[in-house]
Amino acid sequence: MNKARAALLTALLCTFSFAQNQNSKPAPPSFSALPQMTPLQQNNFPPQLLAELDKIKSAALADDYGYHQVKHLTENIGPRPSGSAQAKAAADYVAAQMREAGLDVQLEEVKVQHWVRGAESAELVEYPGQVAGTTQKIVLTALGGSTSTAAEGLSAEIVVVNNFDQLKALGRDQVAGKIVLFNEVYDKRKAEAGLSFVAYGEAVRYRGMGPKAAAEFGAVGALIRSVGSADYRLPHTGFSFPAGIPAGAVTAEDADLIAHLAAEGKVRMHLTLVSQKLPDTLGYNVIADLKGSEHPEQIVVVSGHLDSWDLGTGAIDDAAGVAVAMESAEILQKLHLRPKRTLRVVAWMDEETGGAGSQTYSRDHQSEFPQHVAAIECDTGAGHPLGFETRISAGAAELLKPVLSVLESVGASAMQPSNYPPGADIARMSEAGVPALGILQDGRTYFNYHHTAADTLDKVVPTELRENAAAMAVMGYALASMKDPLPR
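Residues numbered from 1 in each chain as written. Predicted model: local features only at pLDDT ≥ 70, side-chain atom pairs only at ≥ 80, totals over all residues. Heavy atoms only, no water.

J.: What should I look at first to understand the overall build of the protein chain in this one?
T.: Assigned secondary structure in the protein chain consists of 16 helices and 16 strands. Relative to the compact-globule value of 23 Å for 488 residues, the protein chain shows a C-alpha radius of gyration of 24 Å, a close match. Oriented by its inertia axes, the alpha-carbon framework of the protein chain measures out at about 80 × 40 × 40 Å. Evaluated residue by residue, the protein chain yields a buried proportion of 58% over its 488 residues. Split by element, the accessible area of the protein chain, about 18,500 Å² in all, is 51% carbon and sulfur. (Helix = DSSP H or I, 4+ residues; strand = E, 2+ residues; numbered from the N terminus. Rg over C-alpha atoms; globule rule 2.2 N^0.38 Å. Buried < 20%, exposed > 50% of the residue type's maximum accessible area, 1.4 Å probe, protein only. Areas by Shrake-Rupley, 256 points an atom, 1.4 Å probe, with all protein chains shown as cover.)

Rendered as structure tokens:
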């Protein structure tokens, strides 16, 4: 999940199944006398608009459009790393689908980095208690942007640290010429309690900055304990700031093994990470507008990012987000509902490895930001939506309560304020004052699969994806159709 690098890492710190009765049709709810609606709320959300929101919700909960989009992006196109042929094919596909839905579509060029993973392997070649003639395999993967080892790899002693202070305490004399392993443990207790993104924020700094810090002390390589839970010997990749040395993520089990052996004596590793930094190339943001009927110049963004890591097929990170944004427009077209303001579907490119897509959009559209009424991003998986994480004014939050009441039956009625932008790709808009919302999901298992080979279609539960589509479509249409623009 990355943007202006520091902005992404900062953003990451913040960071019931609904069943419809197909055989009976209960009377539609009366929105004319919702309890506790203020005059301002009633003025912005009259009964007709609330009835339309309820209609959108019901349609989304019965629609598998989004799931079919995730399926095609992940299984037919596959992994979509920035700069790859798959990323370009995905942009072309989303653009074609949005044109077919009747939207005005543009492919906006983005200059992206093009890093390619190569051979990767590691083994312990010296360690306490070693049986003569044997080694121990270590399961790992290169971090994005890692410098390559020579084709034959390198061998060096490993030093294990738990944090940056321990690295500093060792000093150059004990680090130079060695491989540093940052053994920061992802806090699974926090994740189990619903604070997975807090746990991620605590550990991901070592992925982002650890290799660079190790290189400054003369290390010849850097490894991190994978940032995530579900220890099934799966390495988790991700962005790391360029350090000029090979950098990788080892599984939690292998990080424990190395740490235990290093506590007993000298440990040496043979490490091979053969990656390539190819010339920068062109990628594309997909911009698809459902033009507003009254104020087409005013824009509500609904979005997810199209690129993915290369180990899995990027189902929960973030084909699901792109799909629910696409469905937000598709549902309105199917119901023949036209918002007053323009609903803009954006499939961002290069969120994972540089944030070039959001940077380019901000550069090219910054003059329009005063007319951007709000921006929504879905980039925290495909789990059951609980509501929205928001960076909006207190007045805006109060004004949106009738929208949340529509989503109560889905369980998506929470509104959690944040000091940070609730999405990497909308962070610049948020910093410019655009009200920003992110779908708040049940993320307790998200980091089991995040940035791993297990991020595949089977992790997407169709009913929960439909709930996310309902949340995105209802909120998007509400923001685009309420009487007044959301106050800043």
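J.: Can you help me understand the pattern of salt bridges in this one?
T.: A side chain with one charge can pair with a side chain of the opposite charge if their charged atoms come near. As enumerated under the stated definition, the model contains 25 salt bridges in all. The salt bridge partner of Lys190 is Asp187, with a shortest N-O separation of 2.9 Å. Its relative accessible area of 24% is what places Lys190 among the partly exposed residues. For Asp187, a relative accessible area of 24% puts it in the partly exposed group. Here the salt bridges share partners, and the residues they tie into one network are Asp289, Lys291, Arg344 and Glu368. (Salt bridge = Lys/Arg side-chain N within 4 Å of Asp/Glu carboxyl O.)

J.: Can you help me understand the sheet that holds strand β10 (residues 276-290) in this one?
T.: Each strand in a sheet pairs with its neighbour through backbone hydrogen bonds, running either in the same direction (parallel) or in the opposite one (antiparallel). What the eight strands build is an open sheet, ordered β1-β10-β12-β11-β13-β16-β14-β15; its pairing is mixed. Each end of this open sheet is capped by a strand with a single partner; those strands are β1 (104-116) and β15 (414-417). Across the sheet, the mean angle separating the axes of adjacent strands is 25° when strand polarity is ignored. The pairing of strand β11 (residues 295-305) with strand β13 (residues 372-377) spans five bridges and is classified as parallel. Bridging across to β13, Val301 finds its partner in Ala375. The strands that helix α10 (residues 315-335) touches are β10, β11 and β12 (341-348); relative to β11, the one it contacts most, it runs at about 145°. (Pairing = 2+ DSSP bridges. Axes fitted to C-alpha atoms, helices over the stretch in contact; angles between N-to-C directions. Contact = heavy atoms within 4.5 Å.)

J.: So what exactly am I meant to see when it comes to unusual backbone geometry here?
T.: Across the chain, the bulk of peptide bonds are trans and the bulk of non-glycine residues have phi less than zero. Following Asp317, the chain continues into Asp318 via a peptide bond in cis, with omega recorded as 5°. You will see that Arg233, though not glycine, has its phi angle at about 55°, which is positive. Residue position: Arg233 is located in the loop between β7 (221-225) and β8 (247-250). Using a relative accessible area of 37% as the deciding quantity, one classes Arg233 as partly exposed.

J.: Is there a simple way to explain the packing of aromatic side chains in this structure?
T.: Here the distance between the centres and the angle between the planes together describe a pair of aromatic rings. All told, the structure shown has 11 aromatic pairs when counted by the stated rule. Taken together, the ring pairs in this structure connect Tyr186, Phe197, Tyr200, Tyr446 and Phe447 into an aromatic cluster. The ring centre of Tyr449 lies 5.1 Å from the NZ or CZ of Lys459, which sits over that ring. (Phe/Tyr/Trp six-rings, centres within 6.5 Å; stacked < 30°, edge-to-face > 60°. Lys NZ or Arg CZ within 6 Å of the ring centre and 35° of its normal.)

J.: Whenever I open this one, the sheet that holds strand β3 (residues 136-138) confuses me. Can you help?
T.: Strand order in the open sheet made by the eight strands is β3-β2-β9-β5-β6-β7-β8-β4, with mixed pairing throughout. With one partner strand each, in any of the chains shown, β3 and β4 (140-142) form the two edges of the open sheet. Mean inter-strand twist for the sheet, computed between neighbouring axes without regard to direction, equals 35°. Sheet topology places strand β2 (residues 120-126) next to β3; three bridges connect them, and they run antiparallel. Note that in β3 the partner of Ala122 across the bridge is Ile138. Strands β5 (154-161) and β6 (179-182) of the sheet are contacted by helix α6 (residues 164-175), whose axis makes an angle of about 140° with β5. On top of the sheet, helix α8 (residues 196-216) reaches β6, β7 and β8; it is set at about 155° to β6, its chief contact.

J.: Could you clarify how one ought to interpret the pairing of strand β9 (residues 268-273) in this entry?
T.: For a regular strand, the rule is simple: side chains alternate between the two faces of the sheet. Both β2 and β9 contribute to a ladder of six bridges, which runs antiparallel. Its bridge partner being in β9, Ala122 is matched across the sheet by Leu271. Pairing of β5 with β9 involves four bridges; the strand directions are antiparallel. Residue Ser155 lies in a different strand from β9, and its bridge partner there is His270.

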